[in-house]
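# Report on the structure
Here is how the chains run, residue by residue.
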Amino acid sequence: MVQTKAYAAQSPTTDLAHWDFERREVGPNDVQINIAYCGVCHSDLHQIKNDWFPGIFPMVPGHEIVGTIIKVGADVKKFSEGDLAGVGCMVDSCRTCDNCKEGLEQYCEKGNIGTYNAKGKDGVPTYGGYSNNIVVHEDFALHISDKLSLSAVAPLLCAGITTYSPLKHWKVGKGHKLAVLGLGGLGHMAVKFGVAFGAEVTVLSTSASKEEAANALGAHHFVVTKDAAQVAAVKNSFDFILDTVSAEHDMNMYLSLLKTNGVHICV
Ligand SMILES: [Zn+2]
Ligand SMILES: [Zn+2]
């Protein structure tokens, strides 16, 4: 077994604290990653607090994991010891349904197996990246370039893909006017991707104080949504709105900002 040091919540009402546990031994198709960084995602808090469903405790959160491979199983093909690798939100799936066969394991018809707060096929709870190592099947580990800053890469494994994926799906790019609604963990990623893909990016925010941050991220325009005149000025103007606001909000006002056949994307 692989001795592991972690931060765990022992119940929905306790703070994270040191917890030692054992991960499974590295199997033939597994890699063991020495974790360098793990991002903090708001869903970590939701899961610790049982906001979505009754959790499995002790719970070790964390699904934005990057580090160095220190051991590979006998049949591992993709990785060698010393490679940089990342792990995102899931660590297994049924692998036999149509979605899995298409490489869309996140839509596994039987439900994918989460990086933590889930049970693996062996019935053992999964534990996430608030820990010093993880053992994972090579199919659910990703290569990471050594030209990138690992601490900056970690949030790409959840916040990054959550915004990258819909922008790619809708082919957002040159010639498009993209509005990013909300400038938090997801929104700031969406702005950077949108700008990188060549779109004209506007940040829509209730907080005027976020304009400086939006500009620093490369946004071309900023609209304070509490200011009726500013909102009126961008009516019928966007091809896409990427909506990153998690709190309940009325979408009617935002829909009126889209061009005809524009698309409002909720992430
Ligand atoms: Zn996340
Ligand atoms: Zn499946």
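Refer to the preceding data block for the structure.
Presented here is a report on the structure given in the accompanying data block. Along every chain, residues carry numbers that run from 1 in the direction the sequence is written. In the order they appear in the text, chains get letters beginning with A and ligands get numbers beginning with 1. Whole-chain, interface and lining totals are the exception, using all residues; otherwise, since this is a predicted model, local features are given only for residues with pLDDT of at least 70 and side-chain atom pairs are given and counted only at 80 or more. Side-chain metrics in this entry use all non-hydrogen atoms of the structure; hydrogen atoms and water are not considered.

## Description of the pairing of strand 3 (residues 30–38)
Should DSSP find at least two bridges between two strands, the strands are regarded as paired. In this text, helices come from DSSP runs of H or I with a minimum length of four residues, and strands from runs of E with a minimum of two, each type numbered from the N-terminal end. One ladder, built from 5 bridges, connects strand 3 with strand 8 (residues 133–137); its direction is antiparallel. The residue of strand 8 that forms the bridge with Q32 is V135. Inspection of the sheet shows strand 3 paired to strand 4 (residues 65–72) by 7 bridges, in the antiparallel sense. Note on strand 4: the bridge partner recorded for Y37 is V66.

## Some details on the sheet that holds strand 5 (residues 84–87)
One open sheet holds the 5 strands; their spatial order is 8-3-4-5-9, and the pairing between them is antiparallel. Here the strands that pair on one side only, and so sit at the sheet edges, are strand 8 and strand 9 (142–143).

## As for the nonpolar core
Here the nonpolar core consists of buried residues drawn from Ala, Val, Leu, Ile, Met, Phe, Trp, Tyr and Cys, with membership extended through side-chain atoms lying within 4.5 Å. Exposure classes here rest on a 1.4 Å probe applied to the protein chains alone. A residue is buried below 20% of its type maximum, exposed above 50%, and partly exposed in between. With 22 residues, the main nonpolar core has L167, L178, V191 and V203 as its most contacted residues. Looking at this core, the elements that each hand over two or more residues are helix 4 (159–169), strand 10 (177–181), helix 5 (185–196), strand 11 (200–205), strand 12 (221–224), strand 13 (238–243) and strand 14 (258–266). The leading source of residues in this core is helix 5, at 4 residues.

## A few points about the packing of aromatic side chains
Only Phe, Tyr and Trp rings take part, Trp by its six-membered ring, and two of them pair if their centres are within 6.5 Å. Stacked means planes under 30 degrees apart, edge-to-face means over 60, and tilted covers everything else. Scanning the entire structure with this criterion turns up 7 aromatic pairs. Summarising the aromatic geometry, the rings of W19 and Y127 are spaced 5.3 Å apart at their centres and angled 65° between planes, so their arrangement reads as edge-to-face. In this pair, W19 sits in strand 2 (residues 17–23) while Y127 sits in the loop between strand 7 (113–114) and strand 8, placing the two residues 108 residues apart along the sequence. For the pair W19 and Y127, one class covers both residues: buried. Consider the rings of F21 and Y127, whose centres lie 4.6 Å apart with planes at 55°: the pair is tilted. Of this pair, F21 sits in strand 2 while Y127 sits in the loop between strand 7 and strand 8; the two residues are 106 residues apart in sequence, bridging distant segments of the chain. Exposure remark for F21: the relative accessible area of 7% places this residue in the buried category. Through a chain of ring-to-ring contacts, three or more aromatic side chains come together here, namely W19, F21 and Y127. Directly above the aromatic system of F197 lies the positively charged group of K168, at a separation of 4.5 Å from the ring centroid. Lysine and arginine charges are scored as sitting over a ring when NZ or CZ, respectively, is within 6 Å of the ring centre and within 35 degrees of the ring normal.

## Quick word on helix 5
A helix is expected to span 1.5 Å for every residue after the first. Taking 1.5 Å of rise per residue, 12 residues should cover 16 Å, and helix 5 covers 17 Å from first to last C-alpha, within 8% of that figure. Restricting attention to buried positions, one finds in helix 5 the residues G187, M189, A190, V191, F193 and G194. Here, two residues are considered to be in contact whenever any of their heavy atoms come within 4.5 Å of each other. Against helix 4, strand 10, strand 11 and strand 13 lie the buried residues of helix 5. Where helix 5 terminates, the next one or two residues include G198, which has phi positive at roughly 95°.

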